[in-house]
Amino acid sequence: MASYCLLYIFIYLCSYHIAQTVQKEIEYECVDIYKQPAFQHPMMKDHQIQMRPSVEFQTTVSTEPETSDLFTGKAEERCPKGQVPIHIPQINYTNDFIQPNRIITEANLHYAIIRPFENYTKIWGGAQAVFNIYKPRVLRNQFSKAWIWLNHREKDVISSIQFGWAVHIGLYRDDRPRLTTYWISNRHQNGCYNVLCRGGYVQVHKTIYPGMTYNKISVLGKRQSTAHLLVGQDSRTKNWLLMTRKTLIGYWPYQIYSMQGASQVFFGGYTGGLAGAISPPMGAGTFPRQVGYRNKFACFMKQLKYFEDKRLVDIDSNEFEEYVDSPKCYDVWYREFEIRSGEMLTFGGPGGQCGI
């Protein structure tokens, strides 16, 4: 009996140690800043890294009030001087996106967003929002996002920068929400997540990076954890900067991403998975209008703004409409301007058999 108990304790301690090791597994690697994937493209041969926003751009974002919830990740520096953290994705996504002849196609896509009215013409120089962070339950090969799109179409060529938080099993190793980006350019029409393509996104911050986990999760009806994200085109360098408040995380270089302003901007929720399968929850997994007008604990995006004439201004509710492609599964509620929240929307839903 004593031997059995000792064996049980040994197995338990080993299992605990393995669990702790998995939990602490490093999901990034430190890479020489000039050897990250962006610089593996010939057009980036003579590119000079932009380590901080131009004075003009910094002045624009400095008018925004600081808050105590800028970013919910850890703040310690992760890499030595001259190196930056690069997220290590699932192997299948690395193979498929780094090698241009192999492409992953996402299907069963559903939207709960606000968008400019059709035929509305405007040039958007970037956009921002404050997101609250949730952890929708998704299955393998599914994703659920809180998302901003900056799209531009010129004839039949589409360019897009997309960003927000995502739970994406397949791209990532688990179901935790993470800072996530996606982009399409005239030179990369297949699209690419984070830093998975040569000649794309350039990482400069030593702590915050695409693929990083948001460790603090909102609780419906209780504590809310938020994060600010912004993408805007620096008028001096022409690069498209990814920032959280006044902190530059990285950017899309003008050599690869040459779009001069976006012709569309969308805000809201986005899900996907295998074709014909059950769709995952979005946001907090609840319909926003069910939560109640005075209860602001549904999944939200607030302080919705865009760049215009080198200013960061509130979006205009007269220019946007709600759009939901599967109302039985998801919804969006554009609540327009609210004190202390600015222009705001809430979105979400339980998912299910959305395509039937």
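The structure we're discussing is the one just above.
Because the structure is a prediction, the values reported are computed rather than measured.

A.B. asks: Any chance you could explain unusual backbone geometry here in plain terms?
C.D. replies: A negative phi angle is the norm for most residues apart from glycine, just as the trans form is the norm for most peptide bonds. In the Ramachandran plot, N108 falls in the positive-phi region, its phi being about 55° despite a non-glycine side chain. With respect to the helices and strands, N108 occurs in strand β3 (residues 107-116). With a phi angle near 50°, N194 is a residue other than glycine that sits in the positive phi range. As for its placement among the helices and strands, N194 is situated in the loop between β8 (188-193) and β9 (202-203). On the basis of relative accessible area, N194 is assigned to the buried category, the value being 4%.

A.B. asks: Can you walk me through the state of the cysteines in this structure?
C.D. replies: By definition, a disulfide links the sulfur atoms of two cysteine residues through a covalent bond. One pass over the structure, following the stated rule, counts three disulfides. Note on cysteine connectivity: C30 is disulfide-linked to C79, with sulfurs 2.1 Å apart. Linking C30 and C79, the disulfide has an S-S dihedral of approximately -90° and is accordingly described as left-handed. Linking C30 in strand β1 (residues 28-32) with C79 in the loop between α2 (55-61) and β2 (83-87), this pair joins segments that are 49 residues apart in sequence. The class for C30 is partly exposed, based on a relative accessible area of 30%.

Analysis parameters
Residues numbered from 1 in each chain as written. Predicted model: local features only at pLDDT ≥ 70, side-chain atom pairs only at ≥ 80, totals over all residues. Heavy atoms only, no water. Helix = DSSP H or I, 4+ residues; strand = E, 2+ residues; numbered from the N terminus. Buried < 20%, exposed > 50% of the residue type's maximum accessible area, 1.4 Å probe, protein only. Disulfide = S-S within 2.5 Å.

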